[in-house]
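Structure at a glance
Listed below, chain by chain, are the residues.
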Amino acid sequence: MRTLSLGGHVGFDSLPDQLVSKSVSQGFCFNILCVGETGIGKSTLMNTLFNTTFENEEASHYLDKVLLRPRTYDLQESNVQLKLTIVDTVGFGDQVNKEESYKPIVDYIDTQFENYLQEELKIKRSLFNYHDTRIHVCLYFIAPTGHSLKSLDLVTMKKLDSKVNIIPIIAKADTISKSELHKFKIKVMSELVSNGVQIYQFPTEDEAIAEINSSMNAHLPFAVVGSSEEVKVGNKMVRARQYPWGAVQVENESHCDFVRLREMLIRVNMEDLREQTHARHYELYRRCKLEEMGFKDTDPDNEPFSLQETYEAKRKEFLSDLQRKEEDMRQMFVNRVKETEAELKEKERELHDRFELLKRTHQEEKRNVEEKRRDLEEDMNSFNRRKVAAETLQGQAFQAASQLSIKKDKDKKN
């Protein structure tokens, strides 16, 4: 490649200005995932970060599973429009069994990646005006226990670190002393390193922001305090939390790291977070998905892999698999028919045996009834003969008695 010098002004030095103008007209999107227990201050911090009041619903502590609640807002500052999506993890850490609390979060992130991938793979794509819902940063809220990270925090961050940029935050940092907070920060970072949790590091490649980002990396995790209330301190009104012993100023760097978080998250590294999401996390998901589908950059001989060949190979594989499944289903159908026929024949044989048994039983009972009928007729005939004989004897006896009585009457008259 040769490097040439220009003989005069051409005009392509205005490309950065064109890019800025186009980007401003299109607007920007930024998606934040807030992970933390119920009541830890996620909604309050979001209101404080963007200096507004977002919709908020009181969450119950008795949900049986973790729910992700995304809400999208259109914000404008000067002539820059921002489509901001805040995703809250409702019910996180409230269950008795917390082993699978991270799964709905991982599934949600993967679903947003899958939606973007499906849009990319369409024949007629519309990425220009596609609402990108991929998570650009995860603000992980750590309870200010002062001791160590909970096992739930370690497991969840470990599951998320390959899918999203994680910035750990110690919430409600005004509840522990400065010395305890300093020790807690060191303990948290030590546990993250020892457990292999990869959190987002502010980039130091760009000389313009290398110094500030390097110094801010040393402040992680940020200890923050959120408040939308204004308190009079001296002669001015500031956002603070008022206590009987004094006020904790949100934007006072000696009180908390809120200003550092806002600077790093919004004013300095928002675009890098968007780029990291696309170039690192989404590309990892996309590569794994395409490899699962059989797509590769090179074949076994390290030759360029043709998309057409891959398509044809996958099509043949699919048709072969479909034919095999059809054959299996056909064979299964034949076997089921044979089994059904055998069952019907067995049922028919059983019915025939039962019919024959009933027929024999009926004939036997019929013979028994006939025998009993004949015995009964014989008994009736015998009874009738005895009855006639008895009546005959009774008549003879009555006649003899009458004759004897007549004879006696004649003898008396004589």
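Parameters and conventions
Residues numbered from 1 in each chain as written. Predicted model: local features only at pLDDT ≥ 70, side-chain atom pairs only at ≥ 80, totals over all residues. Heavy atoms only, no water. Helix = DSSP H or I, 4+ residues; strand = E, 2+ residues; numbered from the N terminus. Buried < 20%, exposed > 50% of the residue type's maximum accessible area, 1.4 Å probe, protein only. Contact = heavy atoms within 4.5 Å. Areas by Shrake-Rupley, 256 points an atom, 1.4 Å probe, with all protein chains shown as cover. Lys, Arg positive; Asp, Glu negative; His and termini not counted. Charge placed at Lys NZ, Arg CZ, Asp CG, Glu CD. Core = buried A, V, L, I, M, F, W, Y, C linked by side-chain atoms within 4.5 Å. Pairing = 2+ DSSP bridges. Axes fitted to C-alpha atoms, helices over the stretch in contact; angles between N-to-C directions. Phe/Tyr/Trp six-rings, centres within 6.5 Å; stacked < 30°, edge-to-face > 60°. Lys NZ or Arg CZ within 6 Å of the ring centre and 35° of its normal. Patch = residues over 30% accessible without salt bridge, like charges linked within 9 Å, V, L, I, M, F, W, Y side chains within 5 Å. Salt bridge = Lys/Arg side-chain N within 4 Å of Asp/Glu carboxyl O. pLDDT = per-residue confidence, 0-100. Polar contact = N/O pair within 3.5 Å; in protein donor to acceptor, adjacent residues only side chain to side chain.

**Concerning the overall build of the protein chain**
From N to C terminus, the protein chain includes 9 helices and 9 strands. Along the three orthogonal principal directions, the C-alpha set of the protein chain runs to about 185 × 70 × 45 Å. A total of 414 residues make up the protein chain; the buried ones form 31% of that total. Contacts in the protein chain between residues at least 24 apart in sequence constitute 66% of all its contacts with a sequence separation of at least 6. With the model as given, the accessible surface of the protein chain reaches about 28,400 Å², and the carbon-plus-sulfur share is 52%. Distance between charge centres in the protein chain, computed from 62 positive and 70 negative side chains, equals 10 Å.

**What to know about unusual backbone geometry**
Backbone geometry follows two general trends: most residues other than glycine have a negative phi, and most peptide bonds adopt the trans configuration. The peptide bond linking Leu220 to Pro221 adopts the cis configuration, its omega dihedral lying at -5°. Along the polypeptide, Pro221 turns up in the loop between helix H6 (207-217) and strand S6 (222-223). In the Ramachandran plot, Asn51 falls in the positive-phi region, its phi being about 55° despite a non-glycine side chain. Checked against the element boundaries, Asn51 lands in the loop between helix H2 (42-49) and strand S2 (67-77).

**A few points about H2**
Taken across its 8 residues, H2 has 6 buried, putting it largely inside the fold. All of the buried residues in H2 are Lys42, Leu45, Met46, Asn47, Thr48 and Leu49. Backbone geometry just after H2 places Asn51 at a positive phi near 55°.

**Brief notes about the nonpolar core**
Counting residues in each nonpolar core, the largest one holds 74 residues, and the members touching the most others are Leu139 and Ile167. For this core, the element with the highest residue contribution is helix H3 (residues 103-121), accounting for 7 residues. Sequence-distant contacts of Ile167, that is, excluding residues within four places in its chain, are made with Val137, Cys138, Leu139, Tyr140, Tyr200, Phe202, Leu220, Phe222, Leu261 and Leu265.

**Let's talk about the sheet that holds strand S7 (residues 230-233)**
Within a beta sheet, neighbouring strands are joined by backbone hydrogen bonds and run either parallel or antiparallel to one another. Strand order in this open sheet of 3 strands is S7-S8-S9, and the pairing throughout is antiparallel. Looking along the sheet, the strands with just one partner apiece sit at the ends: S7 and strand S9 (246-249). On average, each strand axis in the sheet is tilted by 70° relative to the strand beside it, whichever way the strands run. Bridge analysis of S7 against strand S8 (residues 236-243) gives 4 bridges, and the strand direction is antiparallel. Counterpart to Glu230 in the pairing with S8 is Arg239.

**Re the packing of aromatic side chains**
By the definition in use, this model includes 10 aromatic pairs. Ring centres 5.5 Å apart and planes at 85° place the aromatic pair Tyr200 and Phe202 in the edge-to-face group. Tyr200 gets classed as buried once you look at its relative accessible area, which sits at 5%. Among the aromatic side chains, those forming a connected cluster through ring pairs are Phe113, Tyr116, Tyr130, Tyr282 and Tyr285. Of note, Arg134 hangs over the ring of Tyr116, and the distance from its end group to the ring centre comes to 3.7 Å. Over the aromatic face of Tyr282 sits the side chain of Arg134, whose NZ or CZ is 4.8 Å from the ring centroid.

**Concerning a nonpolar patch on the surface**
Together, Leu6, Val10, Phe12 and Leu15 make up an exposed nonpolar region whose accessible area comes to about 430 Å². The residue Phe12 is located in the segment before helix H1 (15-26) in this model. Residue classification places Phe12 among the exposed positions, given a relative accessible area of 53%.

**Observations concerning the confidence of the model for the protein chain**
Residue-level pLDDT values for the protein chain average 89, and 97% of them are 70 or greater. Per-residue pLDDT, averaged within each element of the protein chain, yields its smallest value for S7 (85) and its largest for strand S4 (residues 137-142) (97).

**Topic: the pairing of S9**
Note that S8 and S9 share 4 bridges and pair antiparallel. Along S9, the bridge assignment pairs Arg241 with Val248. Between the antiparallel neighbours S8 and S9 lie 2 residues.

**Quick notes on the environment of Thr72**
Tracing the backbone through its elements, the reader meets Thr72 in strand S2. Contact partners of Thr72, with chain neighbours within four places excluded, come to Lys83, Leu84, Thr85 and His131. In this structure the side chain of Thr72 is engaged in a polar contact, spanning 3.0 Å, whose partner is the side chain of Thr85.

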